[in-house]
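A closer look at the structure
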Amino acid sequence: MASNIVPTSDLEPGGAAPSGFEGDRSDGSLGGVVRGYVDRLRGGDLGALPAVLGIVVLTLLFYALRPETFLTPLNITNLIIQAAPITLLAMGLVWILLLGDIDLSAGVVSGVCAAVSAQLLAQQGAPWWVAVLAALVTGAVIGLFTGTLVALIGIPSFVVTLALFLAFQGVTLRVIGQGGTVPIRDETIRGLTNSYIPVGAGWALAAAVIAAYAVLQLNRWRTQRSKGLDSQPLIVVVGRIVLIAVVVLVLTSILNADRALSKAVDLKGIPYAIPVVVVLLLVLTFLLGRTTFGRHVYAVGGNSEAARRAGISVTRIRVLVFMLSSSMAAVSGLVAAARLSSVTPGSGGGNTLLYAVGAAVIGGTSLFGGRGRIRDAVLGGLVIAIIDNGLGLLQVSAYLNYIITGGVLLLAASVDALARRRAAAGKS
Amino acid sequence: MTVPHAEAGSPILELRGVEKSFGAVQVLHGVDLKVYPGKVTALVGDNGAGKSTLIKSIAGIHPIDGGQILFNGEPVSITGPRDSAALGLEVVYQDLALADNLDVVQNMFLGRERKHGIVLDEASMEQAARDTLAKLSVRTLKSVRQLVSSLSGGQRQTVAIAKAVLWDSKVVILDEPTAALGVAQTRQVLDLVRRLADTGHAVLFITHNMVDVFEVSDRVAALYLGRMAADVDISTVDRAQVIELITAGRSGDIGLAPATVSEVV
Ligand SMILES: Nc1ncnc2c1ncn2[C@@H]1O[C@H](COP(=O)(O)OP(=O)(O)O)[C@@H](O)[C@H]1O
Ligand SMILES: [Mg+2]
């Protein structure tokens, strides 16, 4: 802080607005917004840029290498279903990373939760909603345990979750049994990834999402304008709405196209996992951006001492975040189980966690805490799924697959670290 | 201990014989202090004299071991930061404690957000932050929606002070607000300190800098090795005397009794 002596910008108090504070709004013109964006990029805040670039470049790359298979409706649907569990796990991890913590056990927690509900379905013949509820409760209880060890006892999250990474694999093994596989036969849970919304309903849903987004954005803009608050130019707001609309409509039309390989069958529609991801994206985005809880999570991640002095219970926030994240791991575990139609002792192990952390970081969430959004999980999850799917189509050897995926995570972490250095340098 | 002149008005905050020890080490010895509304009181003293400890005691971070704190003439008990905040006491600490990843409005309302149901009421918070900054004639911020990480040292100090003022505080305590600032930014912060007092706040202002003391203060209180050497009107002392009070505990006929000084040295 002692090095913050950069008088350039404020040598002259408010040269532009000598009469008062009224003029001190951010530059609301389109040029101002563009300049602001470029400034942010140069200051190290890359936002969604790396993930969007990654999606575009990787799509072009794999399309060039596998033109006949990569961009078919069938493969795109597979890819999106592949992305769903990664994204859901990453949506929880974003919260943990926002605090500057890490949860190395998130992957195996998704395995434990899936195992619990698979056994309830198989052994007890429980209805699907009991199984789902049980998975969520298991996740929340695990999160309470982890969060307590981290926040109350004060063990670094890295150590706690590294230990639990091992311990929970034991739990899954115990629940499933050595060498066992529990098949998922319940139609509702399997349906997450194996049944599809009727085409008409799919289009209606897409239209509703776009309309709701447009109304919310425009309303917010109108309120800001009418109260003379900081706001973006209308053209930027409209541009965002158009962009979202185009993405939603293109995706819907791909998922609603017939993707069956044989002419005899009809295979089309949005898999039910997609609305699950979208609803959770909206709910968690609201929680993070528009409620006190979300604000306090950012504050704890940015400066926990400031949060403490502001009367925020840092312990409570951290425990709640671990509970939330582990519950999201449960949802992710269920979708992964639906996709494979089974749960094994290895569920949630392997590269599950690496993929999810990679997704969050590629999406723009910082490993250093304080910076991140829920949508990062979606964008980064797509990047990871494209890599995984594309390498599968190329039939690269397993060793190369590991090296490439690990390399991508390292690349994302380097971008994050450099961005942070850049931001720190910009200040002094 | 010495109050040579009759004071206009009565102190809003008064300390009587405040004692504070950390383990076996006694840091504050029978400290008396008066802080008046509409006035800037400079708290001066050498490194380690106990200035930071004194304000942390007032703020409830290190509750006092002995003596009394009076607020508006009534004895009060301050056992935690919540107590001092409830009385209308706001402290701007040396390290400011702002969250770099939040914007100016979000920092000013941190921990006391306004809500509509469960939704944050951003509009009313932004408006109130703007009004507070306007009232303090702060014109150096580009936007109240700027991230704090993009602010200069002086601007950060400004935000921290405005945050304290937002809460209808009666007493604002500042720990070395100009220590890390360049000339121009120090100027801004001193102006702000003056405006705080002019808008009716009682200001207690810790500083090392004699120029700052004589620029903005109405009163000066000098701590010497945990004892209050003087708490006097600024017009009754000159720069050399204040320096003597800081370094020797007494100057001419003001300050600690010679016996006390020789006893502690
Ligand atoms: N938390 C603490 N525990 C033990 N000793 C402390 C603590 N805080 C301050 N001190 C001691 O109290 C004395 C006064 O410190 P401080 O109030 O920080 O002085 P100043 O702010 O005037 O420079 C110093 O000798 C310091 O070492
Ligand atoms: Mg100090």
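Refer to the preceding data block for the structure.
Note that the structure is predicted; figures quoted are calculated from it, not measured.

Criteria and thresholds
Residues numbered from 1 in each chain as written. Chains lettered and ligands numbered in written order. Predicted model: local features only at pLDDT ≥ 70, side-chain atom pairs only at ≥ 80, totals over all residues. Heavy atoms only, no water. Helix = DSSP H or I, 4+ residues; strand = E, 2+ residues; numbered from the N terminus. Rg over C-alpha atoms; globule rule 2.2 N^0.38 Å. Buried < 20%, exposed > 50% of the residue type's maximum accessible area, 1.4 Å probe, protein only. Contact = heavy atoms within 4.5 Å. Areas by Shrake-Rupley, 256 points an atom, 1.4 Å probe, with all protein chains shown as cover. Lys, Arg positive; Asp, Glu negative; His and termini not counted. Charge placed at Lys NZ, Arg CZ, Asp CG, Glu CD. Pairing = 2+ DSSP bridges. Axes fitted to C-alpha atoms, helices over the stretch in contact; angles between N-to-C directions. Near = heavy atom within 4 Å. Polar contact = N/O pair within 3.5 Å; in protein donor to acceptor, adjacent residues only side chain to side chain. Right-handed = clockwise from strand over helix to strand, strands pointing away. 1 Å grid on protein atoms, 1.4 Å probe; cavity = no way out; pocket = protein on both sides within 12 Å on 5 of 7 lines; lining within 4 Å. Points joined across faces, edges and corners; volume = space filled by probe spheres on them. Phe/Tyr/Trp six-rings, centres within 6.5 Å; stacked < 30°, edge-to-face > 60°. Lys NZ or Arg CZ within 6 Å of the ring centre and 35° of its normal. Core = buried A, V, L, I, M, F, W, Y, C linked by side-chain atoms within 4.5 Å. Expected span 1.5 Å × (residues − 1). Bend = angle between axes of the 7 residues up to and from the residue.

As a further point, take the overall build of chain B. When helices and strands are tallied, chain B shows nine helices and 14 strands. At 19 Å, chain B has a C-alpha radius of gyration in line with the 18 Å of a compact globule built from 265 residues. Judged by the C-alpha coordinates and their principal axes, chain B covers about 60 × 40 × 35 Å. Burial statistics for chain B: of 265 residues in total, 57% are counted as buried. For chain B, the proportion of contacts with a sequence separation of at least 24, taken over those separated by at least 6, is 66%. Surface accessibility of chain B: about 9,900 Å² in total, with carbon and sulfur atoms responsible for 52%. Both charge centroids of chain B, one from 25 positive and one from 31 negative side chains, sit 4 Å from each other.

Residue and element names in this part refer to chain B. With mixed pairing, the six strands of this open sheet are ordered in space as S6-S9-S10-S3-S11-S12. With one partner strand each, in any of the chains shown, strand S6 (89-92) and strand S12 (227-233) form the two edges of the open sheet. Across this sheet, the average inter-strand angle for adjacent strands is 15°, counted without regard to direction. Sheet analysis places strand S3 (residues 40-45) next to strand S10 (residues 202-206), joined by four bridges and oriented parallel.

Residue and element names in this part refer to chain B. Lining the immediate environment of ligand 1, one finds Phe22, Val27, Asp46, Asn47, Gly48, Ala49, Gly50, Lys51, Ser52 and Thr53. Interatomic distance of 2.8 Å between a backbone N/O atom of Gly48 and an oxygen atom of ligand 1. Gly50 places a polar main-chain atom, nitrogen or oxygen, 3.0 Å from an oxygen atom of ligand 1. Relative to its unbound accessible surface of 560 Å², ligand 1 loses 57% to contact with the protein.

Residues and elements named next belong to chain B. Burial analysis of S10 places five of its five residues in the buried class, the great majority of the element. Residues Ala202, Leu204 and Ile206 of S10 are buried on one face, and the alternating residues Val203 and Phe205, pointing to the opposite face, are buried as well. Two strands pair when backbone bridges link them, and strand S9 (residues 171-175) and S10 are joined in this way by five bridges, in the parallel orientation. Counterpart to Leu174 in the pairing with S10 is Phe205. Each parallel crossover has a hand, and the one from S9 via helix H6 (residues 183-198) to S10 is right-handed.

Another point: the layout of surface pockets. Estimated volume of the second largest pocket: approximately 620 Å³. Lining the second largest pocket are 25 residues, with Arg309 and Ala310 of chain A together with Pro81, Glu90 and Arg112 of chain B positioned closest to its centre. Among the elements of the structure, helix H12 (304-309) of chain A together with helix H2 (81-87), S6 and helix H5 (153-166) of chain B are those that each provide at least two residues to the lining of the second largest pocket.

What follows covers the packing of aromatic side chains. For the coordinates displayed, the defined rule picks out three aromatic pairs over all chains. Ring geometry for Phe109 of chain B and Trp167 of chain B: centres 5.5 Å apart, planes at 80°, overall edge-to-face. Here Trp167 of chain B lies in the loop between H5 and S9 and Phe109 of chain B lies in the loop between helix H3 (104-108) and strand S7 (115-116), a separation of 58 residues in the sequence. Given the relative accessible area of 0%, Phe109 of chain B is considered buried. Judged by relative accessible area, which is 22%, Trp167 of chain B ranks as partly exposed. Seen from the ring of Tyr93 of chain B, Arg309 of chain A lies directly overhead, with NZ or CZ sitting 4.5 Å from the centre. The ring centre of Tyr36 of chain B lies 5.5 Å from the NZ or CZ of Lys39 of chain B, which sits over that ring.

So, about the nonpolar core. Across soluble globular proteins, you tend to see nonpolar side chains buried next to one another. Core analysis: the largest hydrophobic core is formed by 93 residues, its most contacted members being Met91 and Trp95 of chain A. Among the elements that make up this core, the one with the highest residue count is helix H3 (residues 73-98) of chain A (14 residues). Core analysis: the second largest hydrophobic core is formed by 38 residues, Leu141, Val148, Val193 and Leu196 of chain B among them.

Residues and elements named next belong to chain A. Taking 1.5 Å as the rise per residue, H3 with 26 residues should run 38 Å; its terminal C-alpha atoms sit 35 Å apart, in good agreement. The largest bend in H3 amounts to roughly 30° and is located at Ala84, with the proline Pro85 lying one to four residues further along. With respect to burial, H3 is a largely interior element, 23 of its 26 residues being buried. Two residues or fewer past H3, Gly100 is found with a positive phi of approximately 85°.

All names here are of chain B. Summarising the element assignment, Ser251 is placed in strand S13 (residues 250-251). Given the relative accessible area of 2%, Ser251 is considered buried. Polar contacts involving the side chain of Ser251 include one to the side chain of Glu244, which spans 3.2 Å. Sequence-distant contacts of Ser251, that is, excluding residues within four places in its chain, are made with Gln241, Glu244 and Leu245.

On to the sheet that holds strand S4 (residues 66-71) of chain B. Neighbouring strands of a sheet are bound in pairs by backbone hydrogen bonds; such pairs are parallel or else antiparallel. Residue and element names in this part refer to chain B. If you trace the four strands from one edge of the open sheet to the other, you get S2-S1-S4-S5, paired in antiparallel fashion. Every interior strand has two partners, whereas the edge strands, strand S2 (25-35) and strand S5 (74-76), have only one. Strand after strand, the sheet turns through a mean of 35° between neighbouring axes, direction not considered. Across five bridges, strand S1 (residues 13-22) lies against S4 in antiparallel orientation. Considered in S4, the bridge of Glu19 is made with Gly66.

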